[in-house]
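Structure assessment
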Amino acid sequence: MRPFDYARPATREQAVQLLAATPGRAAVLAGGSDLLALMKDGVVTPERLVSLQGLQGDHTLRFLRYTAAAGFRIGALTTLADLAASEVLRLEHPVVAETAGRLAGPQIRNVATVGGNLCQRPRCWYFRSGFGLLAAREGASLVVAGDNRHHAILGNDGPAYFVTPSTLAPVLIALDAEVVLLGPQGERTIPLEKLYRLPLAEGEREHDLGPGEILTELQLGPAAGRQVGTWEVRQRETLDWSLATAAVALEMEDGRVKRARVVLGQVAPLPWTSREAESFLTGKTIDEAAADEAAKLAVQGAKPLSKNRYKVQLARVAVRRALLAATGLDREL
Amino acid sequence: MSDDLTTLRLRVNGETRAVVFPTHHTLLEVLREELALTGTKHGCELGECGACAVLVDGRPVLSCLALAAEMEGREIETVEGLQIGNELHPLQATFADLNAAQCGYCTPGILMTAKALLAENPRPSGDEIREALAGNLCRCTGYHKIVEAVDWAAARMRGEEGTPPAEVFYGSPVPDAPRV
């Protein structure tokens, strides 16, 4: 790792100031499991690390608060192990606790944070090998011409072909989670979905974070009777990244879907909401045929690259099984 | 850009150690280079293998992905602190008895991770042991003996008497097989 200045502010505002003072050349250190690996590989070379681990008193960001009316306020430094171990989260949003408990490995879950999971950088091997987030050379993407077996099948009109790495994000977006961002101009709360953006030029980031802005909190409402299900496809049970995931949340009324959220992960440069599947499901009773059709619609617009056609099928199966899991049909089959 | 040094008092294996180290060094580097505690191993350096696992405040973490500068006030435990006085820790003794180490490179990380498991759960099932050790790779692939050793160490720590069946030692269900 290259040397850097290490700052350990006591307040959130100091952290923001320290980051904003050297825009683009400072990085936020939370659990470190992604950032330090990127720094060791020389993919990012920040001149200053601003640690959030020294925040004091009311400024600390490791908390998980719940009220029946408003749901959860989860500090950005809450670890994945904290999420997995939270009884109240497991009762209210079991899929969130289960997803957190399935990520990475046990040692990583003890340090990896919620904020870090949501803001982690893509696993694209071109990016991780120093070719840049868009991996373009002379105007052409190396991904399109190269080994793209793990790359995007949706939202891949370019110039971004990587896939969003967070497995938690699709689940949380399906549950309409919001995030609180603190920057030099103060605080703003946005839907988690809006945190993700398509970078259009090298140097742009895939997150909507302004200079000096940090993610401080995740807000997640009560389950409110929604039927929620996820499905994740990966090669190994542990220490692996997903190949495709799907998360669905269904608001039901008289046995029919009143409102559906269908969000896919690892298939596009951002968590991918399938409007096609959502509008198809609205008003329907969920059975196997409806799940099949919604899954088909979710990948209808897929444009596989030269080596990732298999991901279309994985994504389709993930949506279908997430729907069956949400409605309990998987237990009847 | 600074290459300055950090001075910290680190709590390692129950002792307070004053350490001066380059600020950008990881806990793994400081344990091995400044504190000469070379039981903790450099593996992948990217959080994928578990060879560098140590306990911080009782929980296993990867020392290759932790900055030493972040460790003030934390209780760090390494494999060097595992034995109790002159006695091996039951995990160490059982790993030795059952030949649960082959090349041994992954063993310190596994011992520390298993210690944290048994502190939390003195009677883990096989699946719970496998899940707890899921972040520790053994490239000799001797996982079976490792899981058995943790299971038997847990029994010893609960004060249960007993000897593992012969096949645990010899890998054969025939204990009377002729030996060379």
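Coordinates for the structure precede this section.
To start, this report covers the structure provided alongside it. All figures in this text were calculated on a predicted structure; none of them were measured in a lab. (Residues numbered from 1 in each chain as written. Chains lettered and ligands numbered in written order. Predicted model: local features only at pLDDT ≥ 70, side-chain atom pairs only at ≥ 80, totals over all residues. Heavy atoms only, no water.)

**A word on the pairing of strand E5 (residues 71-75) of chain A**
Successive residues of a regular strand alternate their side chains across the two faces of the sheet. Residues and elements named next belong to chain A. Most of E5 is tucked away: four of the five residues are buried. As paired strands, strand E4 (residues 64-67) and E5 are joined by four bridges and run antiparallel to one another. Residue pairing across strands places Thr67 opposite Gly71, the latter belonging to E5. The hairpin turn running from E4 into E5, its antiparallel successor, is three residues long. Across four bridges, the pairing between E5 and strand E10 (residues 214-220) is antiparallel. (Buried < 20%, exposed > 50% of the residue type's maximum accessible area, 1.4 Å probe, protein only. Helix = DSSP H or I, 4+ residues; strand = E, 2+ residues; numbered from the N terminus. Pairing = 2+ DSSP bridges.)

**Side note on the side chain of Thr94 of chain B**
With respect to the helices and strands, Thr94 of chain B occurs in helix H2 (residues 90-97). A relative accessible area of 0% places Thr94 of chain B in the buried class.

**Details of the pattern of salt bridges**
Taken as a whole and judged by the stated rule, the model has 34 salt bridges over all chains. Salt-bridge contacts for Lys303 of chain A lead to Asp157 of chain A; the nearest nitrogen and oxygen are separated by 2.4 Å. With a gap of 146 residues between them, Lys303 of chain A in the loop between helix H12 (288-298) and helix H13 (310-327) and Asp157 of chain A in the loop between helix H9 (142-145) and helix H10 (168-174) connect regions that are remote in the sequence. Judged by its relative accessible area of 59%, Asp157 of chain A falls in the exposed class. The shortest N-O distance in the salt bridge between Arg123 of chain B and Glu160 of chain B comes to 3.5 Å. Of this pair, Arg123 of chain B sits in the loop between helix H3 (107-120) and helix H4 (126-132) while Glu160 of chain B sits in the loop between helix H5 (143-157) and helix H6 (166-170), and the two are 37 residues apart along the sequence. Looking at Arg123 of chain B, the relative accessible area reads 55%, which means it is exposed. Beyond isolated ion pairs, a larger network of salt bridges with shared partners links Asp176, Glu193, Arg226, Glu251, Arg259, Arg261, Arg275 and Glu278 of chain A. (Salt bridge = Lys/Arg side-chain N within 4 Å of Asp/Glu carboxyl O.)

**Things to note about the state of the cysteines**
Residues and elements named next belong to chain B. For the coordinates displayed, the defined rule picks out zero disulfides over all chains. You can see Cys52 has no disulfide; the closest cysteine sulfur is in Cys64, sitting 3.8 Å from it. Exposure remark for Cys52: the relative accessible area of 3% places this residue in the buried category. Cys138 takes part in no disulfide bond, and the closest cysteine sulfur, belonging to Cys106, lies 4.0 Å away. (Disulfide = S-S within 2.5 Å.)

**Quick notes on the interface of chain A and chain B**
Listed by partner, the interface residues are 31 residues for chain A and 29 residues for chain B. Taken as a group, Pro3, Lys40 and Gln107 of chain A account for 26% of the area that chain A buries against chain B, more than any other trio of residues on that side. Summed over the shared surface of chain A and chain B, the result is two salt bridges. Between Lys40 of chain A and Glu45 of chain B there is a salt bridge; the shortest N-O distance is 2.4 Å. At the junction of chain A and chain B, the tally comes to ten residue pairs in polar contact (both at pLDDT 80 or more). Listed by contribution, the elements that provide at least two residues to the side of chain A that touches chain B are strand E1 (5-7), helix H2 (35-40), strand E3 (48-51), helix H3 (80-85) and helix H6 (106-109) of chain A. Classifying every residue of the side of chain A that touches chain B by side-chain character gives 15 nonpolar, eight polar and eight charged. (Contact = heavy atoms within 4.5 Å. Buried area = accessible area lost by both parts, 1.4 Å probe. Polar contact = N/O pair within 3.5 Å; in protein donor to acceptor, adjacent residues only side chain to side chain. Nonpolar A, V, L, I, M, F, W, Y, C, P; charged D, E, K, R; others polar.)

**A word on the packing of H2 of chain B against H3 of chain B**
All names here are of chain B. Contact pair H2 / H3: the axes reach a minimum separation of 10 Å and the direction vectors enclose 130°. On the basis of their axis angle, the class for H2 and H3 is oblique. Between H2 and H3 lies a crossing of right-handed hand. Contact residues: Leu91, Gln92 and Phe95 in H2; Thr107, Ile110, Leu111, Ala114, Lys115 and Leu118 in H3. Tallied by class, residues from the contact of H2 with H3 come to six nonpolar, two polar and one charged. (Axes fitted to C-alpha atoms, helices over the stretch in contact; angles between N-to-C directions. Parallel < 35°, antiparallel > 145°, perpendicular 65-115°, else oblique. Left-handed = near helix turned anticlockwise from the far one by under 90°.)

**Describing the packing of H2 of chain B against H5 of chain B**
Residues and elements named next belong to chain B. It is at 8 Å that the axes of H2 and H5 come closest, and there the two elements cross at 135°. Relative to H5, the element H2 is oriented oblique. Of the two possible hands of crossing, H2 and H5 adopt the one that is right-handed. Facing H2, whose interface residues are Pro90, Leu91, Ala93, Thr94, Phe95 and Asp97, H5 presents Ile146, Ala149, Val150, Trp152, Ala153, Arg156 and Met157. The residue inventory of the contact of H2 with H5, partitioned by class, reads ten nonpolar, one polar and two charged.

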